[in-house]
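Structural description and commentary
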Amino acid sequence: MFNLKRDAPWFFQYLENYYHLFLDVRFNNGANIKRDIKFSVEFSLQGFEGLLFYMYKPGIKKIKFNLYRHSLDQAYTIDDLSFSLTKNSVNSLDFVIIPFGYFKDEHQFNLDIRSKEVESSLDLYAWAPSNLYKHIKSVIRIANQYSELIPIDDYRGYFFQFHSSFKGNETGRLFDLINLLVDIDKTVDELDNTPIFEAMDSEIKSLVTKSNEFLFELCQRSIPLDIKNILRELERLKFNLDNLSKEEIFNWLDDLIAYYSMKK
């Protein structure tokens, strides 16, 4: 089990109130020298629709982040990510993914870290914020823990199954996250009063632009998710009509009716 007090990632104090995924990535620095490497993150978040935010530290004073619009069963490859290796034989990277949107009843996460320069391994953890409180003179949040997601091997490759308690954050909370990034950008070292991280003005402005664009598009979608799934199935049926018998068409429609009737 991930020990929060001992192993808490640097961003935890900012993100403890968000559902998020924490990737503990380890790069094997066989050369034992300081150097910069490139890597990519390939992932598929099945059964999810909404926005995905990622963030990581490529160096001591740098923070990189971006936002993606995610449709059901869509796969992504985030290329040209960078990381500065130290002289240690193993270098650890904290990489966080925050979903804003909705999961279906069953969902899973396919993930792979790739680099042509070094070997890597990873552990994946999920964080679900606690809404429980204790009243002892003041309001104290109940201690919570990261839960490790164990990879499962099947004919589709390795994937991670989520616990039912893991959810997507409300899309409106994306603006709270932007405010947090602004606060981080303004944070200074108490000893010498210098910024802790390099300025993120342009990155934050780009994030605001993407947020406005993506959230506006999501607001225009008034069709419920189940109706969208029905429409997809009907579209599949339409493109297969020439290859199906009359009986097969009726059976397809009967299956659709039976399946969605059970979900009501």
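Before reading further, recall that the structure is shown in the block above.
None of the values given here were measured: they were computed from a predicted structure.

Rules behind the numbers
- Think of each chain on its own: its residues are numbered from 1, step by step along the sequence as written.
- Residues qualify for local features only when their pLDDT is at least 70, as the model is predicted, and side-chain atom pairs are given and counted only at 80 or more; totals for whole chains, interfaces and linings, by contrast, use all residues.
- The side-chain values count all of the structure's non-hydrogen atoms but skip hydrogen atoms and water molecules.
- The way it works is that DSSP assigns letters per residue, a run of H or I at least four long becomes a helix, a run of E at least two long becomes a strand, and they are numbered from the N terminus.
- Expected helix span is taken as 1.5 Å per residue step, with the number of steps being one fewer than the number of residues.
- Burial classes follow relative accessibility: with a 1.4 Å probe on protein chains only, a residue under 20% of its type's maximum area counts as buried, one over 50% as exposed, and anything between as partly exposed.
- In this context, the arc is that of the directions from the helix axis out to the C-beta atoms.
- Polar contacts here mean pairs of N or O atoms no more than 3.5 Å apart (in protein, one a potential hydrogen donor and the other a potential acceptor; neighbouring residues in sequence count only if both atoms are side-chain atoms).
- Contacts are residue-level and defined by heavy atoms, with any inter-residue pair within 4.5 Å sufficient.
- Here, nonpolar core means buried Ala, Val, Leu, Ile, Met, Phe, Trp, Tyr and Cys residues that are tied together by side-chain atoms lying within 4.5 Å of each other.
- Salt bridge, as used here: a side-chain nitrogen of Lys or Arg that lies within 4 Å of a carboxyl oxygen of Asp or Glu.
- Two aromatic rings, drawn from Phe, Tyr or Trp (for Trp, its six-membered ring), form a pair once their centres lie within 6.5 Å of each other, and the interplanar angle then sorts them: stacked below 30 degrees, edge-to-face above 60, tilted otherwise.
- Geometrically, a charge over a ring is one whose NZ (Lys) or CZ (Arg) sits within 6 Å of the ring centre while staying within 35 degrees of the ring normal.

1. Structural notes on helix α3 (residues 174–186)
Between the first and last C-alpha of α3 there are 19 Å, a value that for 13 residues agrees with the 18 Å anticipated at 1.5 Å per step. Listed in full, the buried residues belonging to α3 are Leu174, Leu177, Ile178, Leu181, Ile184 and Asp185. Around the axis of α3, the buried residues are gathered within 115° of arc, so they sit on the same side.

2. A few points about the side chain of Ser211
With respect to the element layout, Ser211 can be found in helix α4 (residues 201–219). Within polar-contact distance, the side chain of Ser211 engages the backbone oxygen of Leu207 at 2.7 Å. Excluding its chain neighbours within four sequence positions, the residues that come into contact with Ser211 are Leu67, Leu174 and Ile178.

3. Side note on the nonpolar core
If you look at the biggest cluster of nonpolar residues, it comprises 33 residues, and the most contacted ones within it are Leu21, Phe27, Phe39 and Phe109. Every element with two or more residues in this core is listed here: β1 (20–28), β2 (35–59), β4 (75–85), β5 (90–114) and β6 (119–127). With nine residues, the single largest contributor to this core is β2. Discounting chain neighbours no more than four positions away, the residues touching Phe39 are Phe27, Tyr56, Ile78, Asp79, Asp80, Leu81, Ser82, Phe83, Leu93, Ile113, Arg114 and Ser115.

4. Considering the pattern of salt bridges
With the rule as written, the count across this model stands at six salt bridges. We note a salt bridge from Asp112 to Arg114, for which the minimum N-O separation is 3.1 Å. By relative accessible area, which is 28% here, Asp112 ends up partly exposed. You can call Arg114 partly exposed: its relative accessible area is 44%. Where salt bridges share partners, they join Asp24, Arg26 and Asp123 into one cluster.

5. Observations concerning the environment of Glu119
Within the fold, Glu119 resides in strand β6. On the basis of relative accessibility, which here comes to 60%, the residue Glu119 falls in the exposed class. C-alpha of Glu119 to C-alpha of Gly30: the two residues are 89 residues apart in sequence and 8.9 Å apart in space.

6. Topic: the packing of aromatic side chains
Any two aromatic rings considered together are summarised by their centre-to-centre distance and by the angle between their planes. Tallied over the entire structure, the rule returns 23 aromatic pairs. Their ring planes at 55° and their centres at 5.6 Å tell us that Phe22 and Tyr146 sit as a pair that is tilted. On the criterion of sequence distance, the pair formed by Phe22 in strand β1 and Tyr146 in the loop between β8 (138–141) and β9 (147–149) is long-range, its members being 124 residues apart. For Phe22, a relative accessible area of 2% corresponds to the buried category. Residue classification places Tyr146 among the buried residues on the basis of a relative accessible area of 1%. Three or more aromatic residues joined by ring pairs form one cluster here, namely Phe27, Phe39, Phe43, Tyr54, Tyr56, Tyr68, Tyr76, Phe83, Phe95 and Phe109. Note that Lys57 overlies the ring of Trp10, its terminal NZ or CZ placed 5.6 Å from the centroid.

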